[in-house]
Amino acid sequence: MQWRALVLGLLLLRLGLHGALWLVFGLGPSMGFYQRFPLSFGFPRLTGPGGPAPGPAEPPGGPAGPAWRRPGPGAAGRAPRRRPGVCGPAHWGAVLGGRGGGPDEYERRYSGAFPPQLRARMRDLARGMFVFGYDNYMAHAFPQDELNPIDCGGRGPDRGDPSNLNINDVLGNYSLTLVDALDTLAIMGNASEFQKAVKLVINTVSFDKDSTVQVFEATIRVLGSLLSAHRIITDAKQPFGDMTIKDYDNELLHMAHDLAVRLLPAFENTKTGIPYPRVNLKTGVPPDSNNETCTAGAGSLLVEFGMLSRLLGDSTFEWVARRAVKALWSLRSSGTGLLGNVVNIQTGHWVGKQSGLGAGLDSFYEYLLKSYILFGEKEDLDMFNAAYHSIQSYLRRGREACNEGEGDPPLYVNVDMFSGRLMNTWMDSLQAFFPGLQVLIGDVEDAICLHAFYYAIWKRYGALPERYNWQLQAPDVFFYPLRPELVESTYLLYQATKNPFYLHVGMDILQSLEKYTKVKCGYATLHHVIDKSKEDRMESFFLSETCKYLYLLFDEENPVHKAGTRYMFTTEGHVVSVDRHLREAPWKEFFPEEPGRAAGSLHRPAAPDLRALNSSSNCNRVPDERRYSLPLKSVYMRQIDQMVGLI
């Protein structure tokens, strides 16, 4: 009996030691399954490289092949709740044919805490990355739109080739990179440079230009940044330091209004209410304008246009943007609830029937949720809930749990919007935003698993290829233009879990960017993620998003993270303070539904008396009743309303 007592004593001692370490390192029960640390406490583990094969006579996905290729089960085919899993990058590395030592490699690397000194060093490296890019833009490119970091020059619209939409859709000859970077300066606490940059924008930037730009890009990069910076300047609390501008008279809000008025012709003379994709800032819609537009481009204007309307007290901008969203929503498949990616704005016919989470659709879903968070309109939440239900029913493939059951780990694929059948076997890098969106709605478990897939690809190439074929386990499109989506999801997952694994992910990304993309005068697009050849372009979102999210990931004390401050990020990464002021639409008192406006005609508003509304949120919402109980949903709804002071 003595040996039994001894064994029992040792067992209790071990459990006590594990419990102490559990508390010390913060690996609570809500996070034990997020990534695989040595302290696994009996959670099931995935089989990595070198582990037992699925079966001697069957391929990894079973007799029918990978589960990703099988048709989605539809709404009725889903289990009501997925159980927590351990779907870390070690497993995805195995699925993708990764090399290395398997799970133990990740355990050795990520099991330790992330020391404060290392975090501070990474924060400073992220800040230095931004400063290097920004200073070189100001020295070599301003007032042009973008920096050519290899030859140390600037670029604007391609006047010689109007068909060069890759350039002309984005560059409008309005100092794009400076405008896009304004709120990053504030978030990093650089008050003097922020004030200097704002004055430069006010004194030098004009939208009275013969430039044909994409409505979507001008809205998210320029209009959104102007509104974000305006709110920072006029915030009575000044959480980022003294960012006020002496004698500031709402100039940025005036500029935002001027730009939005120049974009309004895109919404005129369209039979569906869905806007034209491009406008000339001086003359309106070009005579030869394309009648086809992507769902994300036409349906992701509501956050910026809605903010502008509520700051001005003029419903025009929110009304046209909301009308476009409703028009697209009305065209979704009656069978699957899915939308396509390209639509004819005159006929409402779907030209592109692919439904997925990447290019052409990504920010449409994002802005359904964020519009609700910002404005509190229930119809936005209802649309998002229905869209998310369809996504889970038809786009999500693989087994229910991340690490349990038969078949492959979960993955979101591209399908036909009407049948739900698989259309191709690739994903694009823009889809990496989706784990971050899932964090905002509380679906953290699925976000963790999906994020691990994208990070496994990053680990293989030191970047995310623009398009990756998950069947061939190789890139289809090889370039990487310094996109922020994986960084954004990493940042939001860290905020949700506080798991140091995501700090290590951020460090990996920082080091890869420094190693592979840094050049003489900035950071360059990777032309080829395998041979690391470069293109001479640094897009504005590198400073407005990629550097910002990396900095915030490591800056634990940033005002964005402080209790009592509530912020949301636009699809371009511009910080927006959220409060009840933006949930007030004064025109509703007089025009509850505004039924009298025709789809094809708009009035152009005169500039009203501009009075800034000061406000300042991160919000969570669980949308899916199939997987979350009603009481839990009510808790999340109540948290949102408490944040904006409604209850």
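Per an unreviewed UniProt entry, the protein goes by the name alpha-1,2-Mannosidase and belongs to Pipistrellus kuhlii. Under the UniProt heading Cofactor (unreviewed entry), the note attached to the protein is "Ca(2+)". For the record of the protein, the UniProt heading Subcellular location (unreviewed entry) holds the text "Endoplasmic reticulum membrane".

1. Re the packing of helix H14 (residues 362–375) against helix H15 (residues 378–395)
Contact geometry of H14 with H15 gives a least axis separation of 8 Å together with a crossing angle of 145°. Two packed elements cross with a definite hand, and for H14 against H15 that hand is left-handed. Along the contact surface, H14 presents Tyr365, Leu368, Leu369, Ser371 and Tyr372, while H15 presents Lys378, Asp380, Leu381, Met383, Phe384, Ala387 and Ile391. Looking at side-chain class alone, the contact of H14 with H15 contains nine nonpolar, one polar and two charged residues.

2. A word on the UniProt feature "binding site: Ca(2+)" (unreviewed entry) in the protein
The UniProt entry lists Thr571 under the feature "binding site: Ca(2+)" (unreviewed entry), expressed in the numbering used here. Mapped onto the fold, Thr571 is located in the loop between strand E19 (567–569) and strand E20 (575–577). Filtering out sequence-adjacent residues up to four positions away, Thr571 remains in contact with Ile220, Ser363, Glu366, Tyr367 and Glu545. Here the side chain of Thr571 touches Glu366 through a polar contact of 2.8 Å, side chain to side chain.

3. Side note on the environment of His389
Its place among the elements puts His389 in helix H15. By relative accessible area, His389 is classed as partly exposed at 26%. For the pair His389 and Leu338, spaced 51 residues apart in sequence, the C-alpha separation works out to 9.7 Å.

4. Observations concerning the UniProt feature "active site" (unreviewed entry) in the protein
UniProt's entry tags Glu217, Asp362, Glu466 and Glu485 with the feature "active site" (unreviewed entry), counted in the numbering of this structure. Contacts of Glu217, omitting those with residues within four sequence positions, involve Asp169, Val170 and Val222. As for its position among the elements, Glu485 is in helix H18 (residues 485–497). Not counting chain neighbours up to four residues away, the residues in contact with Glu485 comprise Ser429, Leu430, Ala432 and Phe433.

5. Digging into the side chain of Asn424
Locating Asn424 in the fold gives a position in the loop between strand E11 (415–416) and strand E12 (426–428). You can call Asn424 buried: its relative accessible area is 15%. Of note is the side chain of Asn424, whose polar atom sits 2.8 Å from the side chain of Gln354. Only 3.0 Å separates the side chain of Asn424 from the side chain of Asn414, close enough to count as a polar contact. Filtering out sequence-adjacent residues up to four positions away, Asn424 remains in contact with Gln354, Asn414 and Trp470.

6. Observations regarding the packing of helix H8 (residues 191–204) against helix H10 (residues 251–263)
For the pair H8 and H10, the least separation of the axes is 10 Å and the interaxial angle reads 45°. With respect to their mutual orientation, H8 and H10 come out oblique. The handedness of the crossing between H8 and H10 comes out as left-handed. When H8 is examined against H10, the residues Val198, Val201 and Ile202 are found in contact with a partner set consisting of Glu251, Leu252 and Met255.

Calculation rules
Residues numbered from 1 in each chain as written. Predicted model: local features only at pLDDT ≥ 70, side-chain atom pairs only at ≥ 80, totals over all residues. Heavy atoms only, no water. UniProt positions renumbered as here; feature names shortened; annotations may be inferred. Axes fitted to C-alpha atoms, helices over the stretch in contact; angles between N-to-C directions. Helix = DSSP H or I, 4+ residues; strand = E, 2+ residues; numbered from the N terminus. Left-handed = near helix turned anticlockwise from the far one by under 90°. Contact = heavy atoms within 4.5 Å. Nonpolar A, V, L, I, M, F, W, Y, C, P; charged D, E, K, R; others polar. Polar contact = N/O pair within 3.5 Å; in protein donor to acceptor, adjacent residues only side chain to side chain. Buried < 20%, exposed > 50% of the residue type's maximum accessible area, 1.4 Å probe, protein only. Parallel < 35°, antiparallel > 145°, perpendicular 65-115°, else oblique.

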